[in-house]
Amino acid sequence: EELQTLLHKTINELPDQCRKVFELSRYENLTNEEISINLNMTINTVKTHIGRALKKLRETLQHYRDFLLL
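The rules behind the values
Residues numbered from 1 in each chain as written. Predicted model: local features only at pLDDT ≥ 70, side-chain atom pairs only at ≥ 80, totals over all residues. Heavy atoms only, no water. Helix = DSSP H or I, 4+ residues; strand = E, 2+ residues; numbered from the N terminus. Buried < 20%, exposed > 50% of the residue type's maximum accessible area, 1.4 Å probe, protein only. Contact = heavy atoms within 4.5 Å. Areas by Shrake-Rupley, 256 points an atom, 1.4 Å probe, with all protein chains shown as cover. Lys, Arg positive; Asp, Glu negative; His and termini not counted. Charge placed at Lys NZ, Arg CZ, Asp CG, Glu CD. Core = buried A, V, L, I, M, F, W, Y, C linked by side-chain atoms within 4.5 Å. Polar contact = N/O pair within 3.5 Å; in protein donor to acceptor, adjacent residues only side chain to side chain. Salt bridge = Lys/Arg side-chain N within 4 Å of Asp/Glu carboxyl O.

Student: So what's going on with the overall build of the protein? Residues and values would help.
Tutor: Each helix and strand counted, the protein has four helices and zero strands in total. Of the regular secondary structure in the protein, the N- to C-terminal order runs α-α-α-α. Principal-axis analysis of the C-alpha atoms gives the protein an extent of 45 × 20 × 15 Å. Considering the protein as a whole, with its 70 residues, one finds that 26% of them fall into the buried category. In the protein, once contacts between residues fewer than 6 apart in sequence are set aside, the share between residues at least 24 apart is 51%. When the accessible area of the protein is evaluated, it comes to approximately 5,200 Å², of which 52% is carbon and sulfur surface. In the protein, which carries 10 positive and 10 negative side-chain charges, the distance between the mean positions of the two groups comes to 7 Å.

Student: Provide a residue-level description of the environment of Leu3, including the pertinent values.
Tutor: Inspection of the secondary structure assignment puts Leu3 in helix H1 (residues 2–12). With relative accessibility at 33%, the residue Leu3 sits in the partly exposed group. Spatially, the C-alpha atoms of Leu3 and Leu61 are 8.5 Å apart, while their sequence positions differ by 58 residues. Aside from chain neighbours lying at most four places away, what touches Leu3 is Leu61 and Tyr64.

Student: Describe the nonpolar core, listing the residues and the values that go with them.
Tutor: Among the nonpolar cores identified, the biggest contains six residues, and these are Ile11, Leu14, Cys18, Phe22, Ala53 and Leu57. The set of elements that each furnish at least two residues to this core consists of helix H2 (16–26) and helix H4 (43–69). When neighbours within four sequence positions are excluded, Leu14 is seen to be in contact with Arg19, Ala53 and Lys56.

Student: How would you sum up the side chain of Ser36? Please name residues and give values.
Tutor: Looking at where Ser36 falls in the secondary structure, it is placed in helix H3 (residues 32–39). You can call Ser36 buried: its relative accessible area is 8%. Polar side-chain contacts of Ser36 include one of 2.7 Å to the backbone oxygen of Glu33. Those residues in contact with Ser36 that lie beyond four places of it in its chain are Met41, Thr42, Ile43 and Val46.

Student: Any details on the pattern of salt bridges? Residues and values, ideally.
Tutor: The full count for this structure, using the stated rule, is three salt bridges. Glu13 is the salt-bridge partner of Lys9, the closest N and O atoms lying 2.8 Å from each other. The residue Asp16 makes a salt bridge to Arg19 at a minimum N-O spacing of 3.0 Å. Taken together, the residues Asp16 and Arg19, both in helix H2 and three residues apart, mark about one turn of the helix. For Arg19, a relative accessible area of 18% gives the class buried. Here the residues in one salt-bridge network are Asp16, Arg19 and Glu23, joined through shared partners.

The structure is reproduced here in structure tokens:
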């Protein structure tokens, strides 16, 4: 439950556009093309936002994992 809370907090702290793209991708299961049409951005921009969100989540999980190992 603590991990779930941390993930939601991390997602909510993403910049607005990045968070919207990530949520549409992961929670709404839209394709990159569908997201690009819905948000009026290029597919490459969608991919960049998803990559940034995943990087931030990996960093957060790494810190959490390191903390648990202590």
